[in-house]
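Residue-level listing of the chains:
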Amino acid sequence: MNQDQIKELLLSIEEATLEFSVTFTGKKSKKVNGLYKPDTHEILLHNKNFTNEMQLVYTAIHEYAHHLQCEAEGAFRSPRSHSTVFWARFHRLLEKAEK
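Residues numbered from 1 in each chain as written. Predicted model: local features only at pLDDT ≥ 70, side-chain atom pairs only at ≥ 80, totals over all residues. Heavy atoms only, no water.

Draft legend 1. Representation of the side chain of Asn49. With respect to the helices and strands, the residue Asn49 is situated in the loop between strand E3 (42-45) and helix H2 (53-73). Among the polar contacts listed, one links the side chain of Asn49 to the backbone oxygen of Val32, at a separation of 3.2 Å. At a separation of 2.7 Å, a polar atom in the side chain of Asn49 contacts the side chain of Asn33. Apart from residues no more than four positions distant in its own chain, Asn49 is found in contact with Lys27, Lys28, Ser29, Val32, Asn33 and Gln55. (Helix = DSSP H or I, 4+ residues; strand = E, 2+ residues; numbered from the N terminus. Polar contact = N/O pair within 3.5 Å; in protein donor to acceptor, adjacent residues only side chain to side chain. Contact = heavy atoms within 4.5 Å.)

Below you can see the structure in the form of structure tokens.
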């Protein structure tokens, strides 16, 4: 899958009103598989970390949950980006994706 296909997939799971981008870094990271930059609405995926597409999609959905959280709240209101609200949103997205 390429960056555009990942973005299409994410939007098919749930629409976002706030524009965002998906970027493959072309790197491998020992610390994280991906990250979300709320200031620029970028989902960065360290695509060299993944051995299959399902891992890539799972991480993309995780980062997309951060984007939707940012969209809903206007910004991250808590220093904890992995709040219970975030985990509920992420698991709901996973359930929708599985269908």
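Draft legend 2. Broad picture of unusual backbone geometry. At His41, a residue that is not glycine, the phi angle is positive and equals roughly 60°. Positionally, His41 belongs in the loop between strand E2 (34-37) and E3.

Draft legend 3. Structural view of the sheet that holds E2. Strand order in the open sheet made by the three strands is E1-E3-E2, with mixed pairing throughout. Lying at the two open borders of the sheet, with one neighbouring strand each, are strand E1 (21-24) and E2. Going from strand to strand, the sheet's axes swing by 20° on average, the running direction of each strand aside. When E1 meets E3, the two strands line up parallel, connected through four bridges. From the neighbouring strand, Val22 faces E3, where its bridge partner is Ile43. Sheet contacts for helix H1 (residues 3-13): E1 and E3; angle to E1, the most-contacted strand, approximately 140°. (Pairing = 2+ DSSP bridges. Axes fitted to C-alpha atoms, helices over the stretch in contact; angles between N-to-C directions.)

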